[in-house]
Amino acid sequence: MTIQLPDFKGGLRAYDPRPEPLALTTGSPFTSRTVFSAAHVVADPYADVSPDSPAAVDWDATLAFRRHLWSHGLGVAEAMDTAQRGMGLDWAGAAELIRRSAAEAKAVGGRIACGVGTDQIAAGSLVEVRAAYEEQLALVEESGAQAILMASRALAAAASGPEGYLEVYGHLLRQAAEPVVLHWLGPMFDPALEGYWGAGDLDTATDTFLEVIAAHPDKVEGIKVSLLDAQREIDIRRRLPQGVRCYTGDDFNYPELIAGDEQGFSHALLGIFDPLGPLAAEAVRVLDTGNTAGFRALLDPTVDLSRHLFQTPTRFYKTGVVFLAWLAGHQSHFTMVGGLQSARSLPHFARAYELADGLGLFPDPKLAEERMKNLLALYGVAQ
């Protein structure tokens, strides 16, 4: 069963794969936390496209993966960063993804929230940015999904200070039909979002973010914070108006943030819950019983894998997510829209395989081993 894996020093090391997966089953709905997995898209491997072509999506496999997440009680956060918005998936592809996934959610009774952005324009005035947001918000609301107002590259470029953000978000929240989730995505995920909320200083930016929420608490169901800064998320969480939820987007510190403290806790909307779905669901059900230690015992060991997948450049974490979906048998190939399968190195893949296998994440460890060996052979690593 031994497999030779490349290390980060140019050598090989022997690894003995785990013979059996972690025993996980579907279960009852969560009662203590609301949990979304931001889900990836499956590319069509037979499409004759180049990395800068419009995305060619395998819709059957993409929707099947969402049914997998729903079967474990997770909500799906659709057309988000994990789905390669702005990194291979354009607005036309995202719109189709939203329509299809929302219809599938309705058919199976799954919870879904969808990303609303401005990626149909590369740049524009504040009026044009607002119109782009409005177009996407209308589509998401028509689909019956909850809206997640994502951070906008175009808004970051157009706004000269906090006033621009207050104006655009205030307008959108006033016209939203239902309460939305506001998403603050940090520049480690997208460098074009540096200085979001009108300030490079995070304390000042946080004040503007909270000002938007305080002005429209009835239109903000929750916030998603993706800054990879646990203490800042806790501080923001404690300053939210009554009834506004905090959804952690911190893929480095999620166990402690979800577990919470005597003053509160975070719900979850995480890209790492794409590969961790069944295990994360099991952990939350343990937390539902009041067993925080049991929850941490299940989820804490997954942090090494998450930190590996989200290592800098963090925006390429999607490559590891899709790689693990292939090894786990959720798709038949390791091809990504935009050609993003090339964004990580072979030693990175080898370590991701080792960490995921050690956690028992692969339903069929033998299949995962065979696929890992196929990848190694493609790179010229003999076994």
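Participant: Explain the packing of aromatic side chains here, please?
Facilitator: To describe a pair of aromatic rings, one takes the distance between the centres and the angle between the planes. Counted by the stated rule, this structure contains 20 aromatic pairs. Measuring from ring centre to ring centre gives 5.0 Å for W197 and F209, while their planes differ by 45 degrees; the resulting arrangement is tilted. Separated by 12 residues along the polypeptide, W197 in the loop between strand 7 (180–185) and helix 6 (202–215) and F209 in helix 6 bring together distant segments of the chain. Each member of the pair W197 and F209 is classed as buried. Three or more aromatic residues link up through ring pairs in this structure, and these residues are Y133, Y165, Y169, W184, Y196, W197 and F209. Here the guanidinium or amino end of R33 rests over the ring plane of F265, the centre of that ring lying 3.5 Å away.

Participant: Would you explain helix 2 (residues 91–108) in this entry?
Facilitator: Helical geometry note: an α-helix holds 3.6 residues per turn, so side chains three or four residues apart project in the same direction. Between its terminal C-alpha atoms helix 2 stretches 25 Å, which fits the 26 Å expected from 18 residues at 1.5 Å a residue. Residues of helix 2 that are buried include every one of W91, G93, A94, A95, L97, I98, S101, A102, E104 and A105, and no others. Those residues of helix 2 that are buried are in contact with helix 1 (59–71), strand 4 (75–78), strand 5 (112–116) and helix 3 (126–143). In the segment just after helix 2, G109 is the residue with positive phi, at about 80 degrees.

Participant: It is not clear to me how the layout of surface pockets should be interpreted in this structure. Could you clarify?
Facilitator: With a probe scaled to a water molecule rolled over the atoms, the places where space remains empty come into view. Reported here for the largest pocket is a volume of approximately 410 Å³. What lines the largest pocket is a set of 23 residues, among which R85, G86, D119, R153 and D190 lie closest to the centre. Elements supplying a minimum of two residues to the lining of the largest pocket: helix 4 (153–158) and strand 7. Its residues placed into classes, the lining of the largest pocket shows 12 nonpolar, 5 polar and 6 charged.

Participant: What am I meant to see in the pairing of strand 9 (residues 245–248) here?
Facilitator: On a regular strand, one side chain projects to one face of the sheet and the next to the other, so that they alternate. With 4 bridges connecting them, strand 8 (residues 220–226) and strand 9 associate as parallel partners. What sits directly across from K224, in strand 9, is Y247. In this fold, strand 8 hands off to helix 7 (residues 230–238), which returns the chain to strand 9; that crossover is right-handed. When strand 9 meets strand 10 (residues 267–270), the two strands line up parallel, connected through 2 bridges. The residue bridging Y247 from the neighbouring strand is H267, located in strand 10.

Participant: Quick question: what am I supposed to make of unusual backbone geometry here?
Facilitator: It is generally the case that most residues other than glycine have a negative phi and that most peptide bonds are trans. P313 follows T312 through a cis peptide bond whose omega is -10 degrees. Note on placement: P313 falls in the loop between helix 11 (303–309) and helix 12 (317–327). We note that Q84 has phi near 70 degrees; this positive angle belongs to a residue other than glycine. Residue placement: Q84 occurs in the loop between strand 4 and helix 2. Among the residues examined, Q84 registers a relative accessible area of 1% and is labelled buried. Phi angles above zero are rare outside glycine, and W197 is one such case at about 70 degrees.

Participant: Sorry if this is basic, but what is going on with the pattern of salt bridges here?
Facilitator: If charged atoms from side chains of opposite charge come close, those side chains can pair. Tallied over the full model, the rule gives 18 salt bridges. Residues D119 and R85 are paired through a salt bridge, measuring 2.6 Å at the closest nitrogen-oxygen approach. Here R85 lies in the loop between strand 4 and helix 2 and D119 lies in the loop between strand 5 and helix 3, a separation of 34 residues in the sequence. In this structure R85 comes out as buried when scored by relative accessible area, which is 7%.

Basis of the calculations
Residues numbered from 1 in each chain as written. Predicted model: local features only at pLDDT ≥ 70, side-chain atom pairs only at ≥ 80, totals over all residues. Heavy atoms only, no water. Phe/Tyr/Trp six-rings, centres within 6.5 Å; stacked < 30°, edge-to-face > 60°. Helix = DSSP H or I, 4+ residues; strand = E, 2+ residues; numbered from the N terminus. Buried < 20%, exposed > 50% of the residue type's maximum accessible area, 1.4 Å probe, protein only. Lys NZ or Arg CZ within 6 Å of the ring centre and 35° of its normal. Expected span 1.5 Å × (residues − 1). Contact = heavy atoms within 4.5 Å. 1 Å grid on protein atoms, 1.4 Å probe; cavity = no way out; pocket = protein on both sides within 12 Å on 5 of 7 lines; lining within 4 Å. Points joined across faces, edges and corners; volume = space filled by probe spheres on them. Nonpolar A, V, L, I, M, F, W, Y, C, P; charged D, E, K, R; others polar. Pairing = 2+ DSSP bridges. Right-handed = clockwise from strand over helix to strand, strands pointing away. Salt bridge = Lys/Arg side-chain N within 4 Å of Asp/Glu carboxyl O.

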